[in-house]
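Listed here are the chains, written in short residue letters.
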Amino acid sequence: MIVVMAPGTAQSDLDSIRVRIEDRGLRAQINTGAERTVIGVMGSIPPDFKDEMELMNGVDEVIIISKPYKLASKEFHPDDTIIKVGDAVIGGPKPVIMAGPCSVEDEEQMVSTAKAVKAAGATVLRGGAFKPRTSPYSFRGMGEDGLKLLQLAKQETGLPIITEVMATADVETVAKYADILQIGARNMQNYNLLDEVGLIGKPVMVKRGLAASYEEWLLAAEYVMAGGNEQVILCERGVRGFETFTRFTLDVAAVPVIKRLSHLPVVADPSHSTGKWYLVTPVALASVAAGAHGLLIEVHPNPDQAKCDGPQSLTFENFDILMEQVNAIASVRKQPVTTG
Ligand code: PEP
Ligand code: MN
């Protein structure tokens, strides 16, 4: 349920409402918007509570949110969420490009890639130190040593870091180095992990599960937000279809759908969804044209020698070409792409 306050409501009225909500054993989440203050009421709401709230001073309207996700819903938070990390403003009109190798391999690979993607216009550096691999015999990442190399690349370039955390036990360690923690597609429904990253004070990017509906995906974001962490980014990374030529199928409609249902930023990952380097740029352009707030792109100095995901990694040169075209599309799209 959300309680929409009348414009210019007195602080004392807001306080009384919060106290009343808490007296009923519920939780109040106050969201002060540009025009109005909206209070989210969390918990098991008694039948007459809507009527009770409507009678309180300063209340304009009480709305029962029909969606199972509340904090992530547009109804609760009509203004778009903007997340600032380093020079990147995620959720605003300019697409934020997060780029780097699939996995951290060595210092030279990480630092050279960081410099190249920065020069081309990326504002966030990616690189996996804990890698979810289909086969247990594949390279599974360097662990904390990899995080240290990411930190080194950050020192060299100033680029903030996004990196995946796979296990609850690693959240504290990863959060020491990362500016944004990534929840991988395979962990989108790892509820203990979502709870844990809900407790940290850093942005979290939740990738869409391989077969997750929009609602399941938004409920995963809701887990993080219910823990008190409102800095959540969603990433469409392709879903399982019947086609085997591409690795997954990027659902480009997910971008405008999420923008309609939620206030959270939504970015697209054309690398994992296509699995082929020559499909990355076209699918990136489609995502930006559809209104994506950003892109996650795999880039490697020598894709043919990459320890992970070489076939979908762009060379530095191809990343430059992608950036040129993304900037061209971004400059012509009506900002922000409307979903009304
Ligand atoms: C990744 O971004 O490194 C990754 C493993 O992606 P996904 O979880 O989408 O497969
Ligand atoms: Mn990868």
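Located above this text is the structure these notes cover.
Now for a quick tour of the structure. In this text the structure is predicted, and so the values were computed from the model without any measurement.

## Side note on helix H4 (residues 144-157)
Stage number 1. Between the first and last C-alpha of H4 there are 20 Å, a value that for 14 residues agrees with the 20 Å anticipated at 1.5 Å per step.
Stage number 2. All of the buried residues in H4 are Gly 146, Leu 147, Leu 149, Leu 150, Ala 153 and Thr 157. All buried residues of H4 fall inside an arc of 160° around its axis, so they share one side.
Stage number 3. Tucked into the core, H4 has its buried residues touching helix H3 (107-120), strand S8 (124-126), strand S9 (161-164) and helix H5 (171-177).
Stage number 4. Within two residues after H4, Gly 158 carries a phi angle of roughly 80°, on the positive side.

## Details of the side chain of Gln 29
Stage number 1. Looking at the element boundaries, Gln 29 is found in strand S2 (residues 27-32).
Stage number 2. Reaching out from Gln 29, the side chain makes a polar contact with the side chain of Arg 27 at a distance of 3.1 Å.
Stage number 3. Ignoring sequence-local partners within four residues, the contact set of Gln 29 consists of Val 38, Ile 39, Gly 40, Met 42, Leu 71, Phe 76 and Glu 230.

## Remarks on the sheet that holds strand S11 (residues 204-207)
Sheets are built from strands that pair by backbone hydrogen bonding, the pairs being arranged parallel or antiparallel.
Stage number 1. One closed barrel accounts for eight strands, arranged S7-S8-S9-S10-S11-S12-S13-S14; its pairing is parallel. Strand after strand, the sheet turns through a mean of 25° between neighbouring axes, direction not considered.
Stage number 2. Bridging between S9 and strand S10 (residues 180-183) involves three bridges; their strand directions are parallel. What sits directly across from Ile 162, in S10, is Ile 180.
Stage number 3. The strands that helix H10 (residues 277-289) touches are strand S13 (266-268) and strand S14 (294-298); relative to S14, the one it contacts most, it runs at about 170°.

## Considering the site of ligand 1
Stage number 1. Residues in close proximity to ligand 1 include Arg 126, Lys 131, Pro 132, Glu 164, Gln 182, Gly 184, Ala 185, Arg 186, Lys 207, Arg 237 and His 272, which together make up its full environment.
Stage number 2. In this structure, an oxygen atom belonging to ligand 1 sits 2.8 Å away from a side-chain N or O atom of Arg 126.
Stage number 3. Arg 186 places a side-chain nitrogen or oxygen 2.8 Å from an oxygen atom of ligand 1.
Stage number 4. When ligand 1 sits alone it has 300 Å² of accessible area, and the protein chains cover 97% of it.
Stage number 5. Using a 2 Å cut-off from the grid points, one finds that ligand 1 occupies the largest pocket.
Stage number 6. Of the residues that constitute the shell around ligand 1, the class distribution is two nonpolar, three polar and six charged.

## Considering the pairing of strand S1 (residues 2-5)
Stage number 1. Neither face of S1 is open: one carries Ile 2 and Val 4, the other Val 3 and Met 5, and all of them are buried.
Stage number 2. Sheet topology places S1 next to strand S4 (residues 59-63); four bridges connect them, and they run antiparallel. Each bridged residue has a counterpart across the sheet, and for Val 3 the counterpart in S4 is Val 62.

## Overview of the coordination of the manganese ion (ligand 2)
Each angle at a metal carrying four tetrahedral donors should ideally be 109.5 degrees, and each at a metal carrying six octahedral donors should ideally be 90 or 180 degrees.
Stage number 1. Protein-derived ligands of the manganese ion (ligand 2) are Cys 102 (SG), His 272 (NE2), Glu 298 (OE) and Asp 309 (OD), with the metal-ligand distances lying across 2.0 to 2.4 Å.
Stage number 2. Sequence positions of the residues that donate to the manganese ion (ligand 2) give the spacing C-x169-H-x25-E-x10-D. Of this pair, Cys 102 sits in the loop between strand S7 (96-100) and H3 while Glu 298 is found in strand S14, placing the two residues 196 residues apart along the sequence. Pair check on accessibility: Cys 102 and Glu 298 agree, each one buried.

## Looking at a nonpolar patch on the surface
Stage number 1. A surface patch of nonpolar side chains, amounting to about 350 Å² of accessible area, comprises Phe 245, Trp 277 and Tyr 278.
Stage number 2. With respect to the element layout, Trp 277 can be found in helix H10.

## Brief notes about the packing of H3 against helix H11 (residues 316-332)
Stage number 1. Following both chains from N to C, one finds H3 and H11 inclined at 25°, their axes separated by 9 Å at the closest point. Taken together, H3 and H11 sit at an angle that is classed as roughly parallel. Two packed elements cross with a definite hand, and for H3 against H11 that hand is right-handed. In contact with Ser 112, Thr 113, Ala 116, Val 117 and Ala 120 of H3, H11 contributes Phe 316, Phe 319, Asp 320 and Met 323.
Stage number 2. Classifying every residue of the contact of H3 with H11 by side-chain character gives six nonpolar, two polar and one charged.

Calculation notes
- Residues numbered from 1 in each chain as written.
- Chains lettered and ligands numbered in written order.
- Predicted model: local features only at pLDDT ≥ 70, side-chain atom pairs only at ≥ 80, totals over all residues.
- Heavy atoms only, no water.
- Helix = DSSP H or I, 4+ residues; strand = E, 2+ residues; numbered from the N terminus.
- Expected span 1.5 Å × (residues − 1).
- Buried < 20%, exposed > 50% of the residue type's maximum accessible area, 1.4 Å probe, protein only.
- Arc of directions from axis to C-beta.
- Contact = heavy atoms within 4.5 Å.
- Polar contact = N/O pair within 3.5 Å; in protein donor to acceptor, adjacent residues only side chain to side chain.
- Pairing = 2+ DSSP bridges.
- Axes fitted to C-alpha atoms, helices over the stretch in contact; angles between N-to-C directions.
- Near = heavy atom within 4 Å.
- Areas by Shrake-Rupley, 256 points an atom, 1.4 Å probe, with all protein chains shown as cover.
- 1 Å grid on protein atoms, 1.4 Å probe; cavity = no way out; pocket = protein on both sides within 12 Å on 5 of 7 lines; lining within 4 Å.
- Sits in = over half its atoms within 2 Å of the grid points.
- Nonpolar A, V, L, I, M, F, W, Y, C, P; charged D, E, K, R; others polar.
- Donors = N, O, S within 2.8 Å, 3.2 Å for Na, K, Ca; no water.
- Patch = residues over 30% accessible without salt bridge, like charges linked within 9 Å, V, L, I, M, F, W, Y side chains within 5 Å.
- Salt bridge = Lys/Arg side-chain N within 4 Å of Asp/Glu carboxyl O.
- Parallel < 35°, antiparallel > 145°, perpendicular 65-115°, else oblique.
- Left-handed = near helix turned anticlockwise from the far one by under 90°.

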